[in-house]
Amino acid sequence: MTAELMIGTDLAAEMVTNAAARAAKLRESTGIQPCLATVLVGDDPASATYVRMKQNRSKKAGIGSRSVVLPASTTTDELVAELTNLSNDPEVHGILLQHPVPSHIDERAAFEAINPAKDVDGVTMHAFAAMAFGEPGFRSCTPGGIMRLLEAYDVPIRGAHAVVIGRSPILGKPAGMLLLASDATVTYTHSRTTNLPEIVRTADIVVAAVGKANFVRGDWLKPGAVVVDAGYNEGNVGDVHFEEASEVARLITPVPGGVGPMTIALLLEQTVDAAEAQSETAVHPVAGLA
Ligand SMILES: Nc1nc(=O)c2c([nH]1)NC[C@@H]1CN(c3ccc(C(=O)N[C@@H](CCC(=O)O)C(=O)O)cc3)C=[N+]21
């Protein structure tokens, strides 16, 4: 092991402490209790575990949570109706629809039913455009968390070659956009990419977001590369073969304790951002869009 660890746990704890303090202040000054609604469709046990983790962490930070659990047979229309209700509910400030939803549901249509002012998980087209244009706004939580981690470890991004492995709508694709907005040279790779190891070998920064355990091998890496493992495979296993990679990389995120806690910390931070913004625009929460 020669790489230094990029640890998310401590930074995430600091972010959650700050979010909790802001939540308490908002409560005292306005009586508003920041509230995150989570929506889980179907009964995938891993998804249920993640949602529970998000709720527990919210509660500890003094952020209220509302849990909506819908059967796997839920239709797109029914899910859209539920998300529209939450979007119009003045007591809910942030909405998280757990991904993935069952395959018969049009996930994009569901995401777009989330009021952009409450899109604290950064899943709408509105949020994506803001990330792509480098404008302020809610970040997809894992990509946003990754950027905060890279900043905390002073990783140079401008001019660096970042290779993103994976192009999912809330992970790989926005991660690449945020890196591009910070002046990285970004290469997107995915399941149809040919010569993947050769491309990864040219990367200064690798973001692994494919959802395949131990997929990225040590000999795919340029010596001294910065490796961000955004994988969350069964048993807390990342997308990067950690032991091999840590012999070659300069900096690497562990799994667990790397990107995961940053994801949840950003979710809570953005929920408080949303509650603060909505407290100032009580009638039309979607400032500028109403
Ligand atoms: N709309 C949506 N937004 C998401 O952000 C989202 C999602 N859907 N679907 C599922 C993935 C997965 N995800 C994780 C968050 C935290 C950890 C995490 O904190 N993991 C701990 C280990 C787990 C533990 O502590 O037990 C760690 O890495 O240290 C993992 C995975 C968010 N996701």
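Just so it is clear, the model here is predicted, and its values are computed rather than measured.

Caption draft 1: View of the UniProt feature "domain: Tetrahydrofolate dehydrogenase/cyclohydrolase NAD(P)-binding" (unreviewed entry) in the protein chain. Within the UniProt annotation, "domain: Tetrahydrofolate dehydrogenase/cyclohydrolase NAD(P)-binding" (unreviewed entry) is assigned to residues 140–278. For residues 140–278, helix accounts for 37% and strand for 14%, while the C-alpha atoms at its two ends are 19 Å apart.

Caption draft 2: Geometry of the sheet that holds strand 3 (residues 64–70). If you walk across this open sheet you meet the 3 strands as 3-2-4, and the pairing is parallel. Each edge of the open sheet is held by one strand with a lone partner, namely strand 3 and strand 4 (94–97). Across this sheet, the average inter-strand angle for adjacent strands is 15 degrees, counted without regard to direction. Pairing of strand 2 (residues 35–41) with strand 4 involves 4 bridges; the strand directions are parallel. Bridge pairing in strand 4 places Ala37 opposite Ile95. Strand contacts of helix 2 (residues 45–60): strand 2, strand 3 and strand 4, with the helix running at about 170 degrees to strand 2, the strand carrying the most contacts.

Caption draft 3: How the structure looks around the packing of helix 6 (residues 141–152) against helix 7 (residues 172–181). In the contact formed by helix 6 and helix 7, the axes pass within 8 Å of each other and the chain directions differ by 40 degrees. Between helix 6 and helix 7, the crossing angle belongs to the class labelled oblique. The way helix 6 lies across helix 7 gives a crossing that is right-handed. Between helix 6, through Pro143, Gly144, Met147 and Leu150, and helix 7, the contact on the second element is made entirely by Pro174, Ala175, Leu178 and Leu179. The residue makeup of the contact of helix 6 with helix 7, split by class, is 7 nonpolar, 1 polar and no charged.

Caption draft 4: Up close: the packing of helix 5 (residues 125–133) against helix 7. Two numbers describe how helix 5 lies on helix 7: the axes approach to 7 Å, and their chain directions differ by 30 degrees. Only Lys173, Pro174, Met177, Leu178 and Ala181 of helix 7 make contact with helix 5, whose side of the interface consists of Phe128, Met131 and Ala132.

Caption draft 5: Geometry of the layout of surface pockets. Here the largest pocket is characterised by a volume of approximately 1100 Å³. Breaking the lining of the largest pocket down by element, the ones donating at least two residues are helix 2, strand 4, helix 6 and helix 10 (259–280). The class makeup of the residues in the lining of the largest pocket is 19 nonpolar, 18 polar and 8 charged.

Caption draft 6: Representation of the environment of Leu70 within the structure. Structurally, the position occupied by Leu70 is in strand 3. With 28 residues separating them in the primary sequence, Leu70 and Gly42 have C-alpha atoms 6.2 Å apart. Sequence-distant contacts of Leu70, defined by excluding residues within four places in its chain, comprise Val39, Leu40, Val41, Gly42, Leu79 and Glu82.

What counts, and where the lines are drawn
Residues numbered from 1 in each chain as written. Predicted model: local features only at pLDDT ≥ 70, side-chain atom pairs only at ≥ 80, totals over all residues. Heavy atoms only, no water. UniProt positions renumbered as here; feature names shortened; annotations may be inferred. Helix = DSSP H or I, 4+ residues; strand = E, 2+ residues; numbered from the N terminus. Pairing = 2+ DSSP bridges. Axes fitted to C-alpha atoms, helices over the stretch in contact; angles between N-to-C directions. Contact = heavy atoms within 4.5 Å. Parallel < 35°, antiparallel > 145°, perpendicular 65-115°, else oblique. Left-handed = near helix turned anticlockwise from the far one by under 90°. Nonpolar A, V, L, I, M, F, W, Y, C, P; charged D, E, K, R; others polar. 1 Å grid on protein atoms, 1.4 Å probe; cavity = no way out; pocket = protein on both sides within 12 Å on 5 of 7 lines; lining within 4 Å. Points joined across faces, edges and corners; volume = space filled by probe spheres on them.

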